[in-house]
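A look at the structure
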Amino acid sequence: MSDFTVLCVNTFAAYIGVVPFLILLQLLFRKYRLPKRHQFGLYLYALGICLILMASDTPSIYQLNFYPQFNFIPFHGFIDNWGHYLKTYLVFIPLGLFLPTLWKRFKRIGNTILFGVLLSVIIEASQIFCLETTAVTDITDVLLNTLGTITGYFLFLSVHRMRFMRRMCLGTKDSKKRFLAKWEVYIYFFTPWLVTFLLTPFISNAIWNIVWNYALGMPI
């Protein structure tokens, strides 16, 4: 089975666990009367976070194990692992697109890049708790994650004037909405991360059982 298929199934499993919490969050924030397109965009942003977490082998409660492995030499072994590094680049493109689309302060490219770098560093640091053969804390990943974020930002610049992009950005003079806009990006990031850490392994196992038993006819 291809790595792409595995990534899709695991991302789907993570997102299934996240969606009920997203619905709960939007019920809690109903008093802010957020634009419908912004609310829809939050679901896409959370999906992008799930994709990043699954593609980055972020540890879950099933696989916690302190086994630090590091690579501080940029692009060391790039040719042998080009598929991994291509994935590392591509999964951060949605982040660079969604941040300025949904929140006004990320229309400044510096803020978007900084967020992408910090997210990448946090993920790479968390990988010291992965299983022995799962992941390596790699400076090349940080560089390509950052490049993917920048690519996503320039993609935003090319489409932000299109009609479907209107009213997706939460930027307002209302002090309450401004406060929410400040913290919303983190709330909708840490919620998928927490769900991924606690629940995704159970959901993923159930989905894989269905895939093997029914789709492929190979009971496990």
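Before any of the text, the structure's been laid out above.
All values derive from a computational prediction rather than experimental measurement.

A closer look at the overall build of the protein
Each helix and strand in the protein was counted, giving 8 helices and 2 strands. In the protein, the succession of helices and strands from N to C terminus is α-α-β-α-α-α-β-α-α-α. Against the compact-globule benchmark of 17 Å for 220 residues, the protein has a radius of gyration of 18 Å, which places it among compact chains. Principal axes of the C-alpha set define a box for the protein whose edges measure 50 × 40 × 30 Å. Here the contacts in the protein between residues at least 6 apart in sequence split such that 84% fall between residues at least 24 apart. A total of about 12400 Å² of accessible surface is found on the protein, and carbon and sulfur atoms cover 69% of it. If the 19 positive side-chain charges of the protein are averaged to one point and the 9 negative ones to another, these points end up 29 Å apart.

Brief notes about the packing of helix α5 (residues 109-126) against helix α6 (residues 139-159)
Across the interface, α5 lies against α6 with an axial gap of 9 Å and an inter-helix angle of 150°. Between α5 and α6 the crossing geometry is right-handed. In contact with I109, T112, I113, G116, V117, S120, V121 and E124 of α5, α6 contributes D141, V142, N145, T146, T149, I150, Y153 and F154. For the contact of α5 with α6, the class distribution of residues is 8 nonpolar, 6 polar and 2 charged.

Thoughts on the environment of I109
Mapped onto the secondary structure, I109 falls in helix α5. Classification of I109 as partly exposed rests on a relative accessible area of 31%. It is 9.1 Å that separates the C-alpha atoms of I109 and G96, two residues lying 13 residues apart in sequence. With near-sequence residues (within four places) excluded, I109 lies in contact with Y153 and F154.

Examining the packing of helix α2 (residues 36-55) against helix α7 (residues 175-198)
Where α2 contacts α7, the two axes come as close as 9 Å, and the packing angle between them is 45°. Between α2 and α7, the angle falls in the class oblique. Handedness of the α2/α7 crossing: right-handed. In this structure, α2 uses H38, L42, Y45, A46, I49, C50, L53 and M54 to contact α7, whose residues at the interface are E184, V185, Y188, F189, P192, W193 and T196. Per-class residue counts for the contact of α2 with α7 are 12 nonpolar, 2 polar and 1 charged.

Examining unusual backbone geometry
With a phi close to 55°, D57 is a non-glycine residue in the positive phi region. Looking at the secondary structure, you find D57 in the loop between α2 and β1 (70-71). The backbone of F75 sits at a positive phi, close to 65°, despite the residue not being glycine. Inspection of the secondary structure assignment puts F75 in the loop between β1 and α3 (82-90).

What to know about the packing of aromatic side chains
When we look at a pair of aromatic rings, we describe it by the centre distance and by the angle of the planes. In this structure the tally under the stated criterion is 13 aromatic pairs. Pairing Y153 with F154 gives two aromatic rings, centres 6.0 Å apart and planes at 85°, and the pair type is edge-to-face. Owing to a relative accessible area of 7%, Y153 belongs among the buried residues under this scheme. On the basis of an interplanar angle of 45° and a centroid distance of 6.0 Å, the ring pair of Y153 and F156 is categorised as tilted.

Definitions and cut-offs
Residues numbered from 1 in each chain as written. Predicted model: local features only at pLDDT ≥ 70, side-chain atom pairs only at ≥ 80, totals over all residues. Heavy atoms only, no water. Helix = DSSP H or I, 4+ residues; strand = E, 2+ residues; numbered from the N terminus. Rg over C-alpha atoms; globule rule 2.2 N^0.38 Å. Contact = heavy atoms within 4.5 Å. Areas by Shrake-Rupley, 256 points an atom, 1.4 Å probe, with all protein chains shown as cover. Lys, Arg positive; Asp, Glu negative; His and termini not counted. Charge placed at Lys NZ, Arg CZ, Asp CG, Glu CD. Axes fitted to C-alpha atoms, helices over the stretch in contact; angles between N-to-C directions. Left-handed = near helix turned anticlockwise from the far one by under 90°. Nonpolar A, V, L, I, M, F, W, Y, C, P; charged D, E, K, R; others polar. Buried < 20%, exposed > 50% of the residue type's maximum accessible area, 1.4 Å probe, protein only. Parallel < 35°, antiparallel > 145°, perpendicular 65-115°, else oblique. Phe/Tyr/Trp six-rings, centres within 6.5 Å; stacked < 30°, edge-to-face > 60°.

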